[in-house]
Amino acid sequence: MTANVTRAVGAPTVSGPVVTEDPVHQDAGASPGVGVVQGTATALGPPVPPSTADRSASPGTAGERENRSLWTTLRLWTTRAAPRDRVPGAPSPSRLAARTDRKAFKPRRPRLGPGRRIPGGALLGPFLLLAAWAAGSATGVLDPRVLSAPWTVVTTVGDLIANGRLQDNLATSAERFAYGLVLGVAIGTVLALVSGLSRWGEAVLDGPIQIKRAVPSLALLPLLILWLGIGEGMKITTIVLGVLIPVYIHTHNGLRGIDSRYAELAETVDLGHAAFIRRVILPGALPGFLLGLRFAVTSAWLSLVVVEQINSTSGIGYMMELARTYGQTDVIVVGLVLYGVLGLLSDGAVRLVQRRALSWRRTLAG
Amino acid sequence: MATHPGGLTVDAPAVRIRDLDRSFGEHRVLDGLNLTLHKGEFVALLGRSGSGKSTLLRALAGLDYDVHGTGEINVPGKVSVVFQDSRLLPWQRILDNVLLGLKAPDARRRGLAALAEVGLAGRERAWPNELSGGEQQRVALARSLVREPELLLADEPFGALDALTRRRMHGLLRELYRRHRPAVLLVTHDVDEAIALADRVLILHKGHIAAEQAVDLDGERGPGDRDFARIRARLLAALGVGADDDKDGT
Ligand SMILES: Nc1ncnc2c1ncn2[C@@H]1O[C@H](COP(=O)(O)OP(=O)(O)O)[C@@H](O)[C@H]1O
Ligand SMILES: [Mg+2]
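Each chain carries its own residue numbering, running from 1 in the written order of its sequence. The naming scheme follows written order: chains are lettered A onward, ligands numbered 1 onward. The predicted origin of the model limits local features to residues at a pLDDT of at least 70 and limits the giving and counting of side-chain atom pairs to 80 or more, whereas totals for whole chains, interfaces and linings rest on all residues. Only hydrogens and water are set aside when side-chain values are computed; all heavy atoms of the structure are taken into account.

1. Digging into the overall build of chain B
Phase 1 of the analysis: In terms of helices and strands, chain B carries seven helices and nine strands.
Phase 2 of the analysis: Between buried and exposed lies partly exposed: a residue is buried under 20% and exposed over 50% of the maximum accessible area for its type, with that area taken using a 1.4 Å probe on protein chains only. Among the 250 residues that make up chain B, the fraction classed as buried is 54%.
Phase 3 of the analysis: The contact rule is simple, with two residues in contact once any of their heavy atoms fall within 4.5 Å. A separation threshold of at least 6 residues defines the contact pool for chain B, and within that pool the share at least 24 residues apart is 69%.
Phase 4 of the analysis: Working definition of accessibility: Shrake-Rupley area with a 1.4 Å probe, residue cover restricted to the visible protein chains. Total accessible area computed for chain B in this model is approximately 11,100 Å², and 48% of it derives from carbon and sulfur atoms. Comment: elements are numbered from the N terminus, with helices defined as DSSP H or I runs of at least four residues and strands as E runs of at least two.

Take a look at the structure:
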């Protein structure tokens, strides 16, 4: 008990989520064995020749010598079993153990986890792509009518910012994205809760949503245009429809996956219905919800691209569509890069939320 | 005591069960079971696997909704349950797990005190994942005790722990019991555990309490003790196991 108390001293001072601790755990977990073995192996390296003092009984034939590592191992066992037999000055059992370990170092057990993270590894792939693009443009392999050079794109960004088109279109797109995402997530979550918490809700809601899931959101576009016209309503509705499906599916899954033993526990501690939802159901479904949110963000960008290229008069998609009619590949690339950056940023934001909100979990990904 | 006539409660039992029947379909698990627990009494319930120990405990805890049955059950208002698994919510920190569902103005202070009692002072902000199995079960004990139960129901609470941890938990449970004095019904399949902890050991067999054995040992209770061995032999006989058979065969 005393041990526990002392060990705990640091714990309460960590006031934030455990995120900051994660890398530590990961590293500690990544290679404890390797570190130890290497450490002892080098410490004991060459200066300790196999001591022959205590082995005079063993005949030194060549065949025997080949079996030395086995012999050492056997010797180790006997030394361990009967330490009083040890000749004074002979290596201690632990040293022998380390030496045999060094010999048997290669065939250590293969690790199954993915291992250590490569620092900055996430940037490697994009950087290589960029390099290939630049090289292609510089050598003329890439025709600017097919794909503008990276530096042209950079200057085009400058021009677009100078005349205000970039900011305006970006603001419009971001607004549509935000409305669609917020509404879609809210509706998807509520539907999932209703259908996850009541059998009636499930009976009524789940079927239609599964049917809707089978129909791609974008296939509904003609109907939505007929019903809602080509204004903002149609655009946001399309995004909402694309967003609510993944949110619903994964949140519902998460709800259904909550261990029923927790419900039993809640009953024994007299948890009320509201408290049960707040303390057990919602946190239990949170991992599913956040996974759904990641898919939802992707889906929202996808829908946005499509609705902005159809009958639109503003937004990044419109800017790109207009550029197509004038053959301005540089502007198209700017649009693509924008979509990419925005997609990455929003996905990163969700992942950050995920990591903070789920810091109680220990997974392979760390 | 919910149904006990008010007034004199001096020698009122903490638990009284009359003619309890419980069956799953055609399978009658409890059959005319009678049981009385006095206030502050520590009782262990032994029985073979599948004899209905958990069924009885769940009936007492009010968790038996998918069971058919009749009978009269009187239990106190404040009942706490300790399960075989610690059943901590992984997404709540230790203190929040202890305080789950507790409505009291000084809940936090009491939760911290309960954690200190089980030797986990300072761990209140840890996640359940960060604790060992024994520590998790100690949190579960703290969660039960912070409610100041009049009846503590424990269904093989140490069954999943290693032998060493289990022995330490025995000492802890006994100590907590001495301090809080709830009536305890401890379900176990380990005869030694029953003798080490309880003042009275019941044996559930064929749906009712088939045998009963007072444990009148004082001081250190250990398998080396002669009285301990005597009680153990009697219990094993009542369970229909020879004294040299494996005790886990119960
Ligand atoms: N939910 C259930 N549905 C059907 N049968 C059950 C259920 N729970 C327990 N039983 C049966 O009731 C009997 C007693 O179970 P249980 O009380 O868990 O035994 P113990 O805890 O003594 O090992 C067993 O035969 C078991 O198969
Ligand atoms: Mg059981």
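2. Focus on the sheet that holds strand β6 (residues 151–155) of chain B
All names here are of chain B.
Phase 1 of the analysis: Spatial ordering of the open sheet is given by β5-β6-β7-β3-β8-β9, a layout of six strands whose pairing is mixed. Each of the sheet's edge strands pairs with one partner strand only, and the pair in question is β5 (79–82) and β9 (208–214). Averaged over all pairs of adjacent strands, the angle between their axes in this sheet comes to 20°, without regard to strand direction.
Phase 2 of the analysis: Pairing between two strands requires that DSSP report at least two bridges joining them. Two strands pair when backbone bridges link them, and β6 and strand β7 (residues 183–187) are joined in this way by five bridges, in the parallel orientation. Looking at the pairing, Leu151 lines up with Ala183 of β7.
Phase 3 of the analysis: Angles here are taken between N-to-C directions and fall from 0 to 180 degrees, while the axes themselves are lines fitted to C-alpha atoms, restricted in helices to the stretch in contact. Together, β3 (42–47), β5, β6, β7 and β8 (200–205) form the strand contacts of helix α1 (residues 53–61), whose direction differs from that of β6 by roughly 150°.
Phase 4 of the analysis: Each of β5 and β6 is contacted by helix α4 (residues 133–145), which is oriented at about 175° to β5, the strand it contacts most.

3. Here we look at the sheet that holds strand β4 (residues 72–74) of chain B
Residues and elements named next belong to chain B.
Phase 1 of the analysis: Taking strand neighbours across the sheet as the criterion, the three strands line up as β2-β1-β4 in an open arrangement whose pairing is antiparallel. The strands lining the two open edges of the sheet, one partner per strand, are β2 (27–37) and β4. Pairs of neighbouring strands in the sheet enclose a mean axial angle of 25°, with direction left out of account.
Phase 2 of the analysis: In terms of strand pairing, strand β1 (residues 15–24) meets β2 through seven bridges, oriented antiparallel. Its bridge partner lying in β2, Ser23 is registered against Arg28.
Phase 3 of the analysis: Along the sheet, α1 contacts β1, β2 and β4; its crossing angle with β1, the most-contacted strand, is approximately 120°.

4. Focus: the pattern of salt bridges
Phase 1 of the analysis: Salt bridge criterion: a side-chain nitrogen from Lys or Arg within 4 Å of a carboxyl oxygen from Asp or Glu. Applying the stated criterion across every chain yields a total of 28 salt bridges over all chains.
Phase 2 of the analysis: Between Asp31(B) and Arg28(B) there is a salt bridge; the shortest N-O distance is 3.3 Å.
Phase 3 of the analysis: Given a relative accessible area of 37%, Asp31(B) falls into the partly exposed group.
Phase 4 of the analysis: Overall, the relative accessible area of 45% leaves Arg28(B) in the partly exposed class.
Phase 5 of the analysis: Between Arg166(B) and Asp190(B) there is a salt bridge, with the nearest N and O atoms lying 3.3 Å from each other. Here Arg166(B), found in helix α5 (residues 163–180), pairs with Asp190(B), found in the loop between β7 and α6 (191–197); they are 24 residues apart in sequence, far enough to count as distant.
Phase 6 of the analysis: Given the relative accessible area of 7%, Asp190(B) is considered buried.
Phase 7 of the analysis: Ionic contacts of the salt-bridge type, sharing partners, join the residues Asp259(A), Arg261(A), Glu264(A), Arg58(B), Asp85(B) and Arg87(B) into one network.

5. Details of the pairing of β1(B)
All names here are of chain B.
Phase 1 of the analysis: With antiparallel pairing between neighbouring strands as the criterion, β1 and β2 make up a hairpin whose turn holds two residues, including Gly25 at a positive phi of roughly 60°.
Phase 2 of the analysis: For β1 and β4, the ladder comprises three bridges, and the chain directions are antiparallel. In the strand pairing of β4, Arg18 is matched with Glu72.

6. What to know about the site of ligand 1
All names here are of chain B.
Phase 1 of the analysis: To be near a molecule or strand, a residue needs just one of its heavy atoms within 4 Å of it. Around ligand 1, the neighbouring residues are Phe24, His27, Val29, Arg48, Ser49, Gly50, Ser51, Gly52, Lys53, Ser54 and Thr55.
Phase 2 of the analysis: The contact in question runs from an oxygen atom of ligand 1 to an N or O atom on the side chain of His27, over 3.2 Å.
Phase 3 of the analysis: In the environment of ligand 1, an oxygen atom lies 2.7 Å from a nitrogen or oxygen atom belonging to the backbone of Gly50.
Phase 4 of the analysis: When the free accessible area of ligand 1 is taken as 560 Å², the share hidden by the protein chains comes to 59%.
Phase 5 of the analysis: Counting residues per element, the ones that place at least two in the shell around ligand 1 are β2 and α1.
Phase 6 of the analysis: Top contributing element to the shell around ligand 1 by residue count: α1, with three residues.
Phase 7 of the analysis: Among the residues forming the shell around ligand 1, the class breakdown is two nonpolar, seven polar and two charged. Two N or O atoms count as a polar contact when they lie within 3.5 Å, although within protein this holds only if one can serve as hydrogen donor and the other as acceptor, and sequence-adjacent residues are included solely when both atoms are side-chain atoms. Here the term charged refers only to Asp, Glu, Lys and Arg, the term nonpolar to Ala, Val, Leu, Ile, Met, Phe, Trp, Tyr, Cys and Pro, and the term polar to all other amino acids, Gly among them.

7. What about empty space enclosed by the protein?
Phase 1 of the analysis: With a 1 Å grid laid over protein atoms only, a set of points is called a cavity when a 1.4 Å probe fits there but cannot get out and a pocket when it is open yet has protein on both sides within 12 Å along at least five of seven lines; lining residues have an atom within 4 Å of a point. Grid points are joined across faces, edges and corners, and a volume is the space filled by probe spheres set on the points. Following the criterion strictly, the structure yields two cavities of 30 Å³ or more and no others.
Phase 2 of the analysis: Of the voids in this model, the second largest cavity is the one considered here, and its volume is about 50 Å³.
Phase 3 of the analysis: Taken together, Thr268(A), Val269(A), Val79(B), Ser80(B), Val81(B), Arg143(B), Ser144(B) and Arg147(B) make up the full set of residues lining the second largest cavity.
Phase 4 of the analysis: Looking at the lining of the second largest cavity, the elements with two or more residues in it are β5 and α4 of chain B.
Phase 5 of the analysis: Residues belonging to the lining of the second largest cavity are distributed by class as follows: three nonpolar, three polar and two charged.

8. So, the UniProt feature "transmembrane region" (unreviewed entry) in chain A
All names here are of chain A.
Phase 1 of the analysis: UniProt positions are given in the numbering used here, feature names are shortened, and annotations may be inferred rather than shown by experiment. Mapped onto the present numbering, the UniProt feature "transmembrane region" (unreviewed entry) falls at residues 118–136, 177–201, 213–230, 236–255, 276–297 and 331–353.
Phase 2 of the analysis: As annotated, residues 276–297 has a helix share of 100% and a strand share of 0%, and its two end C-alpha atoms lie 29 Å apart.
Phase 3 of the analysis: The span residues 331–353 is 100% helical and 0% strand by assignment, and the distance between its end C-alpha atoms comes to 33 Å.

9. Remarks on helix α12 (residues 232–256) of chain A
Phase 1 of the analysis: Helix span is expected to be 1.5 Å times the residue number reduced by one. Spanning 25 residues, α12(A) covers 36 Å between terminal C-alpha atoms, matching the ideal 36 Å at 1.5 Å per step.
Phase 2 of the analysis: α12(A) sits mainly inside the fold: 20 of its 25 residues count as buried.

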